[in-house]
Amino acid sequence: MTTPYMTASEAAAELGVALPTLYAYVSRGMIRSEARAGRRSRLYRAEDVRTLAARKMVSPADGAAGDRALDWGAPLLESAITLIADGRLYYRGRDAARLAETASLETVAGLVWERAEDDPFAAPPPEVPDGLPPLPGLRPLDRCLAALPIVAATDPAQHNLTPAGIAATGAGLVRWVAALAVDDDPDRRPAHRYLAESWNAPPAADELIRAALVLCVDHELNASTFTVRCVASTGAGPYGAVMAGLAALQGPRHGGLTERVAAALPALLEASDPTAVVADRLRRGDGLPGFGHPLYPDGDPRAEALLAMMRRALPDHPDIAAGLRLIKAAKAVAGQPPTIDFALGLLERALGLPAGSALSIFAVGRTVGWIGHAMEQYRDSRLIRPRARYVGAHP
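Keep in mind the model is a prediction, meaning the values are calculated, not measured. Per-chain numbering applies: the sequence of each chain, read as written, is numbered from 1 onward. In keeping with the predicted nature of the model, local features appear solely for residues at pLDDT of at least 70, side-chain atom pairs appear and are counted solely at 80 or more, and the whole-chain, interface and lining totals rest on all residues. Values reported for side chains reflect all heavy atoms of the structure, with hydrogen atoms and water molecules removed beforehand.

How do you make sense of the sheet that holds strand 6 (residues 94–95) when you look at a structure like this?
Across a sheet, strands are paired by hydrogen bonds formed along the backbone, either parallel or antiparallel in direction. The pairing criterion for strands is at least two bridges between them, as found by DSSP. Here a strand is any run of E in DSSP of at least two residues, a helix any run of H or I of at least four, and the numbering for each starts at the N terminus. An order of 4-5-6 is seen for the three strands of this open sheet, with the pairing classed as antiparallel. A single partner strand is all that each edge strand has here, and the edge strands are strand 4 (82–85) and strand 6. Pairing of strand 4 with strand 5 (residues 88–91) involves four bridges; the strand directions are antiparallel. Pairing of A85 across the sheet is with R88, part of strand 5.

This is the structure:
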């Protein structure tokens, strides 16, 4: 008789993958798992495992392989940086939400880049090139995309692709992205303090921005990170990889979603009846920006961690209270918990930060992750070159 369940080892063996890859399938909802009474280990639906194994066996010529591999599908590249499993997020095996309680972005960079014993941020901040023009009136990410090519062209070490060289360039890039986010020069202060002081933020901002940066460091193979790895696979240096990531990040379906959240927040937070507002948005087909994440059906742990810190730091803030009421309404009416995009948008509003600050925090934090992925890709030395399944007219 065929058993309806498999252990983790059995499921991984059936699929021919390592355990972290199995957990990634589970986190994406491709394989269902269930708890075992009185035991920490879980069981995995054999039906799901065999269905996925059969799909992996289909030849590309059959026209079915990879139909959804690029749309919340199977992992495409191996990485030792981030694991998303059982509703949690881990950087090199460390719970990101726990790290966000006390760690700085620079400390987490040492973890992700595996440079904890050799702090690349101990070096002086990069100097401003003579040829860098003033960039008034541009949005933060646009300033980055305008200025970083000039910075790269004047950096003689930009093509040093040793681990130490990449880390040194990476530290400079983190400082440059932070500086361009606030339209100032790079500084040696920790990123959270530099941003908070540059934005003249209230006292509570220092710790909240620090936590937000840590929670934004990496999220596995999202669009911008995959873009970074593709560019790094060509042999282009860290500047080119990070600029490609920034270009992808600003899209409204990715990091730019934080700007959509910020635009929607006033009406959502100021409504006397958030349940009615949520229901009305759903009726019109507007959706709820910043709510619901395919990888976290039970709730985004990044949002949970940041919102919990915001409640503790700003217990009497009216925007936080309104945000919590909105979250309750969204869960009741739409069944969608908040994502990190909502938490960042609410943070921007509650702290009175300049427009676009939420996306800037996202970009500064994520630069650390991009550098880590570029490091992995340089070690791999293979060109990322997917094939297309042709669906056009045949000759």
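Additional details are given in the paragraphs that follow.
Sorry, what's going on with the pairing of strand 2 (residues 33–36) here?
Put simply, side chains in a regular strand alternate between the two faces of the sheet. By the bridge criterion, four bridges tie strand 2 to strand 3 (residues 39–45) in an arrangement that is antiparallel. Residue pairing in the sheet places R36 in a bridge with R39 of strand 3. Where strand 2 folds back on strand 3, the antiparallel hairpin that results is connected by two residues, among which G38 adopts a positive phi of roughly 75 degrees.

When you look at the environment of A393 in this model, what are you seeing that I'm missing?
For A393, the position within the fold is in the segment after helix 17 (357–380). Separated by 300 residues in the primary sequence, A393 and G93 place their C-alpha atoms 48 Å from one another.

In this structure, what is going on with the sheet that holds strand 3? I would like to understand it.
In spatial order, the strands read 1-3-2; together these three strands make up an open sheet with antiparallel pairing. Every other strand in the sheet has two partners, leaving strand 1 (5–6) and strand 2 as the edge strands with one partner each. In this sheet, strand 3 lies alongside strand 1 in antiparallel orientation, the contact comprising two bridges. Within the sheet, the bridge partner assigned to Y5 lies in strand 3 and is R45.

What should I look at first to understand the environment of A196 in this one?
In this structure, A196 sits in helix 8 (residues 191–198). Throughout, exposure labels follow a simple rule: accessible area from a 1.4 Å probe, protein chains only, divided by the maximum for the residue type, with under 20% read as buried, over 50% as exposed, and the rest as partly exposed. The exposure class assigned to A196 is buried, which follows from its relative accessible area of 6%. Spatially, the C-alpha atoms of A196 and R210 are 9.2 Å apart, while their sequence positions differ by 14 residues. Contacts were defined at the residue level, with two residues in contact if any of their heavy atoms lie within 4.5 Å. If we ignore the near neighbours within four places in the chain, the residues touching A196 are A201, A205, D206 and I209.

Hey, could you run me through helix 8 in this one?
Working note: α-helix, 3.6 residues per turn, so residues spaced by three or four point in the same direction. A191, H192, Y194, L195 and A196 are the residues of helix 8 that are buried. Just downstream of helix 8 lies N200, where phi reads positive at about 50 degrees.

Help me understand unusual backbone geometry, please; the structure alone is not making it clear to me.
Excluding glycine, residues mostly carry a negative phi; peptide bonds, for their part, are mostly trans. Despite not being glycine, D183 shows a phi value in the positive range, around 60 degrees. Secondary-structure assignment places D183 in the loop between helix 7 (163–181) and helix 8. Among the residues examined, D183 registers a relative accessible area of 45% and is labelled partly exposed. Non-glycine residue S381 carries a positive phi angle of around 65 degrees. Relative to the elements of secondary structure, S381 occurs in the segment after helix 17.

Honestly, empty space enclosed by the protein in this entry has me stumped. Any pointers?
Empty space left among the atoms is revealed by rolling a probe the size of a water molecule over them. Grid spacing is 1 Å over the protein atoms alone, the probe is 1.4 Å, and a cavity is where that probe fits but cannot get out, while a pocket is an open set with protein on both sides within 12 Å along at least five of seven lines and lining residues have an atom within 4 Å of a point. Grid points are joined across faces, edges and corners, and a volume is the space filled by probe spheres set on the points. Following the criterion strictly, the structure yields one cavity of 30 Å³ or more and no others. Put simply, the largest cavity is a space of about 40 Å³. If you trace the largest cavity, you find it lined by R139, P140, L141, E259, G356 and L359. Under the scheme applied, nonpolar residues are Ala, Val, Leu, Ile, Met, Phe, Trp, Tyr, Cys and Pro; charged residues are Asp, Glu, Lys and Arg; polar residues are all the others, including Gly. Here the lining of the largest cavity is composed, by residue class, of three nonpolar, one polar and two charged.

Is there a simple way to think about the confidence of the model for the chain in this case?
Should pLDDT be low for a region, the predicted coordinates there are not to be read in detail. The predicted model of the chain has a mean per-residue pLDDT of 91, with 94% of residues at 70 or higher. In this model, residues 58–66 is a region of pLDDT below 50 whose contacts with residues beyond four sequence positions or in other chains number five contacts. A residue's pLDDT is the confidence the predictor assigns to it, expressed on a 0 to 100 scale.

It is not clear to me how the packing of aromatic side chains should be interpreted in this structure. Could you clarify?
Working definition: an aromatic ring pair is given by the centre-to-centre distance plus the angle between the planes. A pair of aromatic rings is counted whenever rings of Phe, Tyr or Trp (Trp by its six-membered ring) have centres within 6.5 Å, and the orientation is called stacked for planes under 30 degrees apart, edge-to-face for over 60 and tilted otherwise. Taken as a whole and assessed by the stated rule, the structure comprises two aromatic pairs. Each ring, one from F291 and one from F342, has its centre 4.8 Å from the other, and the planes form 50 degrees; the classification is tilted. Here F291, found in the loop between helix 13 (274–284) and helix 14 (301–313), pairs with F342, found in helix 16 (residues 340–351); they are 51 residues apart in sequence, far enough to count as distant. F342 matches F291 in its accessibility class, with the two residues each being buried.

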